[in-house]
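Commentary on secondary and tertiary structure
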Amino acid sequence: MRLVMIGLGRMGGNMARRLMKAGHEIVAYDRDADAVAKLVEAGATAATGVDDARAKAGTPAIWWIMLPHGAVTDGMIAEIAKSAAAGEVVIDGGNSFYKDDIRHAKMLAEKQVHYVDVGTSGGVWGLERGYCMMIGGPDAVVRELDPIFAALAPGTGTIPRTPGRDGNDAVDTRAEAGYIHAGPAGAGHFVKMIHNGIEYGLMQAYAEGFDVLKGKASEHLPEDERYDLNLADVAEVWRRGSVISSWLLDLTAQALAKDGMLEQFSGRVADSGEGQWTIEAAMEEAVPVNVLTTALFARYRSRVDHTFGEKALSAMRFGFGGHVEMPQ
């Protein structure tokens, strides 16, 4: 299939490369001409703007947007919509707010243009490992786009099937391949939003745990109760057979192996906004989310004072997504 990829940053560029490796055709557009040029070297067709991309997109055009949420994405969807033809598809694969998806879907439906939201997880590792995707939109349109999603997804790999799913005809096997059709417009980004809220909580638990381990060497403790623990070794042993093993722990172990004190990180931790949206959704539903709320507030506090645990948070964010710390 041929599609236009708009936004060739950490995620968009590698997603385009993975699609081309699977035989799909990419029309590439980004304000950064160097990013476009690099993708052209990999086999993409360059576009200089939306109008140029439309001329090269084929019919009906498929637009995949990987841009920062909010005004930037709103502006791009509005620009595409100006000359969109019936039957075209606009896909937002960034971290947009699910209520914005509902608004975008209604606006595009007036022109008989389909809208699909794709919550995408995979970070800088997605080119190699594939992307976990949570998709919202009309069922028929999502199924028509299946070759694109299947190419981006990790696939079943070597992970054994979950007991109870094997032999069940009602089971959607796309979930086992690494992507799901979650529901109508906004459902994909809503599921991804909760995914990121949980991510905050998991990361905070690791960060606090390693902070306590490091603090055991404190001179404020009685001498015979002090332990100068090798945190890199602790992280490594927990990776092997422990009930708390995970990819986040793998990334923590890698960071500690390079620098046991995580000196390259200040501990000033940013947030994507999805943690806050998760808390807001919980409040609307009257659902208590104590851990997720605390994890979000810990990030806010990190911008005033920094702990070793917050350096660990920064290390994890850099490990999975290439996220750099907030400026001082």
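Now for a quick tour of the structure. (Residues numbered from 1 in each chain as written. Predicted model: local features only at pLDDT ≥ 70, side-chain atom pairs only at ≥ 80, totals over all residues. Heavy atoms only, no water.)

**Focus: the nonpolar core**
Met-5, Ile-26, Trp-64, Val-116, Met-133, Leu-145 and Phe-149 are the most contacted members of the largest nonpolar core, which totals 34 residues. Among all residues touching Met-133, those that are not within four sequence positions of it are Trp-64, Val-118, Gly-119, Thr-120, Phe-149, Leu-152, Ala-153, Gly-178, Tyr-179 and Ile-180. Formed by 23 residues, the second largest nonpolar core is a distinct cluster that contains Met-203, Leu-248, Leu-251 and Ala-255. (Core = buried A, V, L, I, M, F, W, Y, C linked by side-chain atoms within 4.5 Å. Buried < 20%, exposed > 50% of the residue type's maximum accessible area, 1.4 Å probe, protein only. Contact = heavy atoms within 4.5 Å.)

**Points about the packing of helix 10 (residues 187–215) against helix 12 (residues 247–258)**
Across the interface, helix 10 lies against helix 12 with an axial gap of 10 Å and an inter-helix angle of 40 degrees. One way to sum up the angle between helix 10 and helix 12 is to call them oblique. Seen from above, helix 10 lies across helix 12 with right-handed handedness. Contacts from Leu-202, Met-203, Tyr-206 and Phe-210 in helix 10 reach Leu-248, Leu-249, Thr-252 and Leu-256 in helix 12. Residue classes in the contact of helix 10 with helix 12 are distributed as seven nonpolar, one polar and no charged. (Axes fitted to C-alpha atoms, helices over the stretch in contact; angles between N-to-C directions. Helix = DSSP H or I, 4+ residues; strand = E, 2+ residues; numbered from the N terminus. Parallel < 35°, antiparallel > 145°, perpendicular 65-115°, else oblique. Left-handed = near helix turned anticlockwise from the far one by under 90°. Nonpolar A, V, L, I, M, F, W, Y, C, P; charged D, E, K, R; others polar.)

**Topic: the packing of aromatic side chains**
Applying the stated rule across the entire model yields nine aromatic pairs. Between Phe-149 and Tyr-179 the ring centres are 6.3 Å apart and the planes differ by 45 degrees, which places this aromatic pair in the tilted class. Here Phe-149 is found in helix 8 (residues 146–152), whereas its partner Tyr-179 is found in strand 8 (residues 179–183), with 30 residues between them in sequence. The exposure class assigned to Phe-149 is buried, which follows from its relative accessible area of 0%. Assessed through its relative accessible area of 5%, Tyr-179 is described here as buried. The structure contains a cluster of three or more aromatic residues connected by ring pairs, namely Phe-97, Tyr-98, Phe-190 and Trp-277. The ring of Trp-247 carries Arg-129 above its face, with NZ or CZ at 4.1 Å from the centroid. A cation over an aromatic ring shows up here: Arg-299 above the ring of Tyr-200, its NZ or CZ 3.7 Å from the ring centre. (Phe/Tyr/Trp six-rings, centres within 6.5 Å; stacked < 30°, edge-to-face > 60°. Lys NZ or Arg CZ within 6 Å of the ring centre and 35° of its normal.)

**Looking at the pattern of salt bridges**
Scanning all chains against the criterion turns up 17 salt bridges. For the salt bridge of Arg-54 with Glu-88, the shortest nitrogen-to-oxygen distance reads 2.7 Å. Note that Arg-54 is positioned in helix 3 (residues 50–56) and Glu-88 in the loop between helix 4 (71–82) and strand 5 (89–92), a separation of 34 residues in sequence. Judged by relative accessible area, Arg-54 falls into the buried class, the value being 18%. With relative accessibility at 6%, the residue Glu-88 sits in the buried group. Across the pair Asp-172 and Arg-174 runs a salt bridge whose closest N-O atoms are separated by 2.7 Å. According to the relative accessible area criterion, Asp-172 is partly exposed, its value standing at 31%. Among the residues examined, Arg-174 registers a relative accessible area of 9% and is labelled buried. A network of salt bridges, in which partner residues are shared, links Glu-236, Arg-239, Arg-240 and Asp-250. (Salt bridge = Lys/Arg side-chain N within 4 Å of Asp/Glu carboxyl O.)

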